[in-house]
Each structure stands twice: as C-alpha cells, then as structure tokens.
Amino acid sequence: MTRAERVSRNLNRALHALFAADERAWLLGEDVADPYGGAFKATQGLSTAYPDRVLSTPLSENGITGVAGGLALCGDTVIVEIMFGDFAGLAFDPILNLITKSVAMYGERTPMRVVIRCPVGGGRGYGATHSQSPQKHFIGIPHLALYELSPLHDAADVLAAALRRDEPAMLFEDKILYTQRRYVDGRVDDRLAFELRGADGNWARVHDPDATGAPTLVIAPGGVANRAIAAATRAAERGRTVEVLVPARLYPVDVDGLRDLLAGAHGVIVAEESTAGGTWGSEVAARLHAEAWPLLRGPVELVSSADRVIPSAPHLEQAVLLGTDAILDRIMRLPAAPAATGDRYGPTDAPATPAGVSPGVPGAVPVPRTDPLPAGPPPSAPTTAAQAGVPVDVPRLNPNDDSYVLLEWLVADGATVEAGEPVAAVETSKAIEELAASQAGVLRQDVAAGADCAPGAPIGQILPESAVPASVEPAAGPAAVPPPPDPVPVGSGPGAPAAAYPEQVEAVGTRSATPGRPLPPAQRRIADVVSTSHREIPVAFTAVRVDVTAALAYARRAADQTGATVGLTEVVIAAVAALHERFGALYARLTGDGLVVDAEAPSIGLTVDVGTGLFLPVIRDAAGLDLGDLADAVVALRMKALRGRLREEDMAGMNFLVALNDTPGVTVARPIIPPGVTCALSVPDVHREVVLDGDGGVRERAVADLGLAYDHRLVNGAQAGAYLAALGEVLQR
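Notes on the structure in this doc start here. (Residues numbered from 1 in each chain as written. Predicted model: local features only at pLDDT ≥ 70, side-chain atom pairs only at ≥ 80, totals over all residues. Heavy atoms only, no water.)

Our next topic: the sheet that holds strand β19 (residues 441-445). Ordered by their spatial adjacency, 4 strands build an open sheet running β14-β21-β19-β16, and the pairing between neighbours is antiparallel. Only two strands of the sheet have a single partner each, and these edge strands are β14 (390-393) and β16 (416-417). Strand direction decides the pairing type here: β19 and strand β21 (residues 458-463), joined by 4 bridges, are antiparallel. Its bridge partner lying in β21, Q445 is registered against G460. (Pairing = 2+ DSSP bridges. Helix = DSSP H or I, 4+ residues; strand = E, 2+ residues; numbered from the N terminus.)

Right, here's the structure in full:
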C-alpha cells in the first residue's frame with residue numbers, strides 16, 4: 001500500500017497547486033507568512049513562493065474577512081485562515097452580511113470565490129476558547145457552503161469543489177487530523193476498504209467488503225471519522241455490521257449520494273463533535289426524514305459531545321468530547337438487524353426498541369432497570385442448569401500484580417448483555433482492561449466498583465434471562481455505589497467517572513467517621529511499583545549536562561519535513577534506540593534465577609501522565625522507525641492514554657524507559673526503574689545558559705541535564721558515564 005502523506009502536508013500541497021494555477025489567488029491570515037507558516041504549518045512556503053499575494057494580517061478576524069470580501073468583489077480568489085475556528089464568530093458579520101449576500105444582491109449573480117479555513121475541534125488540551133467545533137452556527141446562510149477535511153478526501157479535490165461553485169465556502173479542519181496520515185489506495189486497513197461516491201466524490205464509504213447483513217450507517221465528518229471507524233471495528237467484534245460515511249461537504253447536505261445505501265441499512269447514526277442542539281447532525285436527520293423517509297427503518301439517531309465548556313485538563317477534556325466509546329455505545333443500543341421479512345419494520349410493523357430506550361426519539365438515552373436481581377434461587381428450590389450463572393472472572397492480566405481494582409461497571413446491574421460485550425473495567429498497575437461477557441444473559445454484580453479483586457476471582461455473574469424472575473427482593477450485600485448527581489458526560493471512557501466524581505468511587509469498607517478521602521486506585525498502583533523498585537533494585541544515578549541546541553533545531557527541521565509533531569522527546573527516543581547495538585547491557589534484563597537476557601531490539605517505554613495516573617506505554621522496535629513514524633507512535637500512545645484506551649499489550653516488552661520530567665523549572669530528576677528494566681533516562685526541562693565559545697566570545701545555548709538511573713547489578717558507573725557521553729554526542733550532531 002502506498003505510504004500516505006499527512007493531512008497537513010496534503011492541504012499545504014493543495015494550496016501551493018491553487019496558487020500556481022490561479023494568478024489572482026490571495027491568502028490572508030494571522031502569522032501565515034514564513035517562517036511561521038500558520039499556527040498549524042498549513043501555509044508553509046506560500047509566502048516565500050508568492051510574496052505579493054500572501055499577507056500576514058493584524059489580529060482582526062472581522063477585518064481580514066471584510067478585506068477578503070472586497071477582493072472577491074473585484075474578481076479575485078481569496079483563502080482566509082482563521083487561526084482557531086473559535087474566532088470565526090468574530091467574522092460572522094462580514095460572512096452573513098457582505099460575502100454571502102454579495103452573490104445575489106446587486107441585480108445579477110456575482111462570483112464570490114472566498115474559502116474561509118477554520119481549524120476546529122479539541123483533543124489537544126487547548127481549553128475552552130481554542131477547542132470548539134462551531135460548524136453548526138453557519139448552517140442555513142444562503143450561498144454559503146460548508147466543507148470539512150477528512151483523512152479520506154484529497155484537499156485539492158475539496159478546494160476545487162468549493163471554488164467551482166463561485167460562492168463563499170468555509171473549510172473546517174479538525175486539528176487532531178493535521179499530523180495523521182491519509183488513507184489511500186482504497187484501503188483503511190487489512191479489513192476495511194473505502195470508496196468515494198456521489199457528486200464530486202463527496203461521500204467516502206468505509207466498509208468491510210466481506211461483511212454480510214444489513215449495516216448500521218454511521219455518518220461522521222472530518223476528525224470524528226477515525227473515532228467512528230474505531231467504533232465500527234469494535235462493533236464488528238461483537239457481531240455488528242457497520243459502515244462509516246464521511247462527507248467532504250457538510251452543507252448543503254447531499255442526500256442523493258446516500259439513497260442507495262439507505263435502502264439496505266438497518267439504522268442511521270450521525271456523530272459529530274459539537275454540542276447538541278441546532279447541529280449539523282440534526283440538519284442531516286431533517287433532510288433524510290423529509291427526502292428519504294421510505295428508505296429508513298427508524299429515526300436517525302444523533303450523538304455528540306457533552307453540553308459543557310471544554311476543559312484544558314486532558315482527562316476532563318476526554319470526558320466532555322465525543323469519543324469512540326460513545327459512538328460504539330449508540331451502535332450497540334440499536335437492536336440487532338432483524339431477518340428480512342419483506343416489509344419496512346418486520347412482522348410487528350414497528351421498529352424494535354432496545355430495553356430502556358424511548359422509542360421514536362432520536363438520541364434517546366437508556367432508562368435504568370429498577371427490578372433487582374436475585375442473589376440466587378430460593379433456598380428450597382434446587383439450582384438447575386438453566387438457572388446457573390456463568391461467572392465474570394478477573395483473568396491474570398499482569399504477572400507483577402497480586403490484585404487489581406474494579407474501576408467501574410460498564411453495564412448496569414440487571415441489564416441484558418450480549419456475548420463479547422464489555423461489562424467491567426479493571427485497573428492493573430499498568431493499564432485499564434475491559435472484561436467481556438462470555439455469553440449473552442443478564443448481568444449480576446457481586447462486587448462494588450472501587451473494590452480490590454484478585455486474579456481468578458469472580459466479580460459477578462451472567463445469568464440466563466429465564467433464571468431471572470420479574471420481581472425478587474434484593475439480595476443483601478455491599479451497597480452499590482450511588483449514581484453521580486449529574487449524567488456522566490457523553491464520550492467518557494473507562495476511568496472517566498472516577499475522574500469526574502472521585503468522591504463516589506472508593507473501595508468497599510473505606511467509609512468511616514475519620515475525615516479524609518481514600519487514596520485513588522491509580523496512585524496506589526504507582527506506589528506499589530515504586531515500592532517494588534526500591535525494595536528489589538540496587539539503583540545508582542548519574543547526570544550530565546547536554547547541549548541540546550542542535551537537537552532542537554533538528555526536531556524543527558524534521559517537523560517541517562515530515563509534518564509530524566517532533567520535539568526533543570522524539571529525538572531523544574531515537575537516539576536511545578540507536579545506541580542499543582553499542583550498549584546492549586543497558587537494555588538487558590535480569591531473571592529471577594540470576595540470568596542476564598539481552599534484548600534483540602530496543603523497545604522504549606515512555607512516561608505519560610494524564611492527570612489521573614501515570615502510564616508507561618512502549619514503542620517496540622524503535623530503532624526501525626524513522627523520526628516521523630516515531631513521532632506518530634508517541635502521539636498515538638499519548639492519545640490512547642488520554643482516552644483510557646491503553647491495554648496491557650501497549651505496555652509490554654519494555655527494555656529501556658525514557659521518563660519525561662519536563663515540567664517548567666525542573667532541571668534534574670531521578671527516575672524510578674520499573675521492575676524488569678535495567679535503565680531509566682530522565683529528560684527534564686530545557687533551560688538556557690550563557691557560555692564562552694572557543695574564541696572567548698559569549699553565546700547562549702539550550703541545555704538539559706539528562707539523568708540515568710541504572711541497576712547496579714548489570715551496569716557499572718563507567719558504563720553509565722560512557723553511555724551518557726555517547727548520547728550527548730548523538731544529540732549534538
């Protein structure tokens with residue numbers, strides 16, 4: 001499969017092609033000129049190639065857009081960059097009252113070739129005023145078309161389609177996509193294919209060519225597309241067929257491009273990152289209901305982010321924004337596709353409604369069951385095979401742990417579950433793991449959330465539905481954890497309720513009259529690892545000051561060349577991986593019986609602190625990755641950690657740890673060596689210092705005091721010093 005370029009590079013190439021083909025094209029925006037090239041580097045190189053037509057403007061979105069309207073009235077083509085889509089509200093007046101109205105208010109049609117680019121969306125910790133998705137506020141303005149970049153569409157094709165209309169357009173670009181690679185050659189992965197269909201190739205259809213059965217259609221634009229694809233993949237593991245439809249043009253909605261797919265679909269869900277109410281998704285639903293109702297099996301369902309201001313803290317931002325889990329939950333709440341009956345709804349002539357969901361209401365939420373489950377059959381009644389439950393056991397997930405924490409139940413007590421459906425989240429010392437139901441039935445919870453549980457121990461049962469009477473007195477046992485005062489935000493993943501409502505998730509038996517609060521489970525696990533490290537590993541520590549001026553310059557060049565997010569962290573990891581062949585002892589491990597096992601390849605662990613816990617994901621075979629791919633791997637692992645999706649396999653196989661201690665002002669840090677690892681390298685904050693050069697002159701340089709903690713059983717001080725010297729040489733080249 002062709003190695004695809006990144007979305008930002010694809011957009012940059014499209015802009016260069018536009019300027020080369022159109023001598024009347026202009027680019028206006030804040031900091032769009034080189035060397036900055038825009039906040040997200042999409043305009044890099046344009047001002048160098050076309051200095052008279054690329055203008056960095058004052059900070060006035062209203063003024064920038066007004067000037068663009070004047071140039072368009074003169075017949076020019078104008079690309080406007082709004083630095084963050086949140087600020088598009090400042091340009092609302094010239095968009096609403098000048099640029100769009102000018103198409104038709106002068107007695108004859110006037111071409112207005114203006115495209116207003118808006119980086120949008122969260123997921124990068126930019127906070128309330130730099131993370132919104134304001135697309136919905138521009139729907140319905142006459143002569144204004146809305147587009148959105150995706151990893152499935154070529155930016156040049158999208159720009160061409162927008163400009164062919166000779167009417168103003170807005171192009172929304174999800175910031176999370178800029179560093180991701182596009183999908184090419186008609187493939188998303190080994191299982192999923194995609195095709196472009198409809199006018200101008202507007203709709204990208206992602207599907208499994210080998211799937212059978214009526215699919216659920218998930219319509220998801222831009223940056224939500226990858227989340228929808230991930231949800232579709234997980235739904236397929238549970239026996240559901242899901243296709244993802246990604247539009248390039250959001251508005252006007254292209255219903256014609258969907259008609260043949262709607263005819264065979266089991267249900268339709270629209271997923272978007274904006275908050276609910278007056279959304280693009282509701283516009284899609286209204287159009288489909290009006291123009292394609294005979295093809296629908298039920299109302300179009302909507303799923304979006306929580307109705308909250310977007311926080312900066314990563315774990316809180318994750319809880320607010322729409323995520324894969326929320327999309328998957330909405331997919332699984334649809335009833336399974338019925339057997340073909342020849343009519344619209346099947347034998348009952350009405351769409352099936354899952355338990356606890358209000359029928360006929362788009363976006364309805366589950367209503368919790370109120371009938372309690374029995375602790376078992378009455379004492380006088382013998383237990384039959386039909387009544388026996390299948391235990392929900394906790395498997396051994398991590399050989400270093402003697403117990404785990406039942407972080408949360410993912411399914412309500414008494415709810416019906418399907419085989420393979422995740423029912424609980426268990427936290428190990430490394431990760432959060434989901435436990436799946438081994439068969440379909442009714443879940444009975446025997447252990448409360450927040451309690452410790454041992455490997456192999458049951459925490460609940462899956463009972464056959466026939467074994468659950470309609471009404472039975474509740475069993476005595478530990479009190480269930482009370483529900484939070486407000487609904488858990490849509491888009492939350494495993495662990496989010498604990499982050500949002502820490503006072504309501506605690507171990508059984510920890511409540512007392514003594515003031516205080518229980519130690520969070522994640523912190524308890526970190527403490528266990530640190531205690532084991534101090535108890536078992538004879539640690540020595542050496543630190544050296546390294547001039548990282550050249551390394552930082554190299555990172556900037558690599559970022560410009562690859563479009564990836566490259567910084568000192570990625571350069572250090574690459575250097576650590578490259579030194580494996582020369583210093584094999586520092587990557588070895590010591591077995592319980594005193595044998596030294598060398599590492600065949602460097603697998604570098606990285607510390608990721610998400611605010612609710614510290615995680616150590618691993619980049620395997622790091623020496624085989626170029627700097628761009630290495631940066632992609634770092635971003636992917638960080639995003640999985642932020643979204644609570646790290647698994648044990650993501651943190652297995654580490655043979656060297658790079659510990660980031662780069663909080664501003666930290667100059668030296670002594671890292672902890674995790675059990676099974678020989679060395680941990682700390683990377684502190686970079687600071688500036690003034691030094692004398694060889695000629696007696698004064699110069700400033702960037703330095704970092706890199707510290708190496710090492711297991712003295714395998715590594716001596718001379719080896720550690722030689723390693724740090726070699727690392728410094730690599731970073732100063």
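That shown, we press on.
With 6 bridges connecting them, strand β31 (residues 687-692) and strand β32 (residues 698-711) associate as antiparallel partners. Each bridged residue has a counterpart across the sheet, and for E689 the counterpart in β32 is R701. In this structure, the hairpin formed by β31 and β32 is closed by a connection of 5 residues, where G696 is found at a positive phi of approximately 85°.

Bringing the nonpolar core into the picture now. Counting 56 residues, the largest nonpolar core has V576, Y587, F656, L681 and L708 as the members making the most contacts within it. A per-element tally of this core places helix α14 (residues 568-578) first, with 7 residues. For L708, the contacting residues outside a window of four places in its chain are A540, F541, T542, L586, F656, C679, A680, L681, A720, Y723 and L724. Formed by 46 residues, the second largest nonpolar core is a distinct cluster that contains A88, V114, L217 and I219. (Core = buried A, V, L, I, M, F, W, Y, C linked by side-chain atoms within 4.5 Å. Buried < 20%, exposed > 50% of the residue type's maximum accessible area, 1.4 Å probe, protein only. Contact = heavy atoms within 4.5 Å.)

Moving on, we come to helix α16 (residues 717-731). The terminal C-alpha atoms of α16 lie 21 Å apart, and with 15 residues this matches the ideal 21 Å at 1.5 Å per residue to within 8%. Among the residues making up α16, those that are buried are A720, Y723, L724, A726, L727, G728 and L731. In this structure, the buried residues of α16 make contact with β22 (539-547), α13 (549-562), α14, β29 (656-661), β30 (679-684) and β32. (Expected span 1.5 Å × (residues − 1).)

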